[in-house]
Amino acid sequence: VSLSIRSGNIRVDSALETPISAKLSNQGLSFEAQSGSGEQSLDLRGTDFESVKTRNGSGNLNITLPNRSRVTANLQTRSGELEVRVPAGLKMGALSLSSGSGDVTVWITPDAAVRATFDDRVPDGYALRDGVYLSPAALEGKPALNLNLRAESGEIKLITEESP
C-alpha cells in the first residue's frame, strides 16, 4: 500500500489476516493504523507526521518513526514483537510502546537525549533520577525524547546504536 496526502489524517484499518505494509509521504499531521491480525511494517521516515498511532491485535509491529524533530507516538500490539527505529533527527516528543506478549526493542542513536521508564536492560551510561532513566545527553540538560516502554510478557531492549 502506498498513500500520499497533502494535509489531514490517514487511517488504515485491516481485519484481514494478511500483513499491512505502508510507506507514506505527506504534509499532514497524524497517522493511524490498526490490524486485527497480521504484521504491520511501517517506514515513516520521509513523512512529516507529528502523531503516530498503531494498534495490532496479533502480530509483529516494525516501525521506523518520522525523521522530524518532535513526534508523539502510541504503538501497541497485544501479541507480538514490537520493534521501533528512532531516526537521528527525532530529538523530542513522547513515545509510548507496549506489547502484551512479546519483546519491545527500540533502536536509537547513542548520542540521543532520552528520558525512559522501563524495568529491563538499561544501556551503559544511563542514570536513574526520580524513577526515570536519563541518557548521558539528557543528564547534560539537552531536550529529551520521553520513552514509556512496557512488555507484560517479554523483554524490553533499548539498543543505543544504529539499526541494522
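See the structure above.
Let us now look at the overall build of the protein chain. A count of helices and strands for the protein chain gives one helix and 16 strands. The buried share of the protein chain, reckoned over its 164 residues, is 46%. Total accessible area on the protein chain stands at roughly 8,200 Å², and carbon and sulfur atoms take up 44% of it.

Another point: the packing of aromatic side chains. Evaluation of the coordinates by the stated rule reveals one aromatic pair. Ring centres of F31 and F49 lie 5.6 Å apart, and the angle between their planes is 55 degrees; on these two criteria the pair is classed as tilted. Of the two residues, F31 sits in strand β4 (residues 30–37) while F49 sits in the loop between β5 (40–43) and β6 (51–58), which places them 18 residues apart along the sequence. Overall, the relative accessible area of 2% leaves F31 in the buried class.

On to the pairing of strand β12 (residues 114–117). Side chains V114 and A116 of β12 all project onto a buried face; the interleaved residues R115 and T117 project onto a face where none is buried. Where β12 meets strand β15 (residues 145–151), four bridges bridge the pair, whose relative direction is parallel. In the strand pairing of β15, V114 is matched with L145. When β12 meets strand β14 (residues 132–134), the two strands line up antiparallel, connected through two bridges. In the sheet register, R115 faces β14, and the bridge partner there is L134.

Counting across every chain of the model gives one cavity of 30 Å³ or more. Space inside the largest cavity adds up to approximately 30 Å³. Lining the largest cavity are V86, P87, A88, L90, K91, I108, T109 and A112.

Here we come to the pattern of salt bridges. Enumeration over the complete set of coordinates arrives at seven salt bridges. The salt bridge partner of K157 is D103, with a shortest N-O separation of 3.4 Å. Residue K157 is found in strand β16 (residues 156–160), and its partner D103 is found in the loop between β10 (92–99) and β11 (104–108); the two are separated by 54 residues along the sequence. Judged by its relative accessible area of 22%, K157 is partly exposed. A salt bridge links E140 to K142; its shortest N-O distance comes to 3.8 Å. Looking at K142, the relative accessible area reads 45%, which means it is partly exposed. What you see here is one network of salt bridges that share partners, running through D48, E50 and R68.

Cut-offs and rules
- Residues numbered from 1 in each chain as written.
- Predicted model: local features only at pLDDT ≥ 70, side-chain atom pairs only at ≥ 80, totals over all residues.
- Heavy atoms only, no water.
- Helix = DSSP H or I, 4+ residues; strand = E, 2+ residues; numbered from the N terminus.
- Buried < 20%, exposed > 50% of the residue type's maximum accessible area, 1.4 Å probe, protein only.
- Areas by Shrake-Rupley, 256 points an atom, 1.4 Å probe, with all protein chains shown as cover.
- Phe/Tyr/Trp six-rings, centres within 6.5 Å; stacked < 30°, edge-to-face > 60°.
- Pairing = 2+ DSSP bridges.
- 1 Å grid on protein atoms, 1.4 Å probe; cavity = no way out; pocket = protein on both sides within 12 Å on 5 of 7 lines; lining within 4 Å.
- Points joined across faces, edges and corners; volume = space filled by probe spheres on them.
- Salt bridge = Lys/Arg side-chain N within 4 Å of Asp/Glu carboxyl O.

Keep in mind that these numbers describe shape and distance, not what the molecule does.
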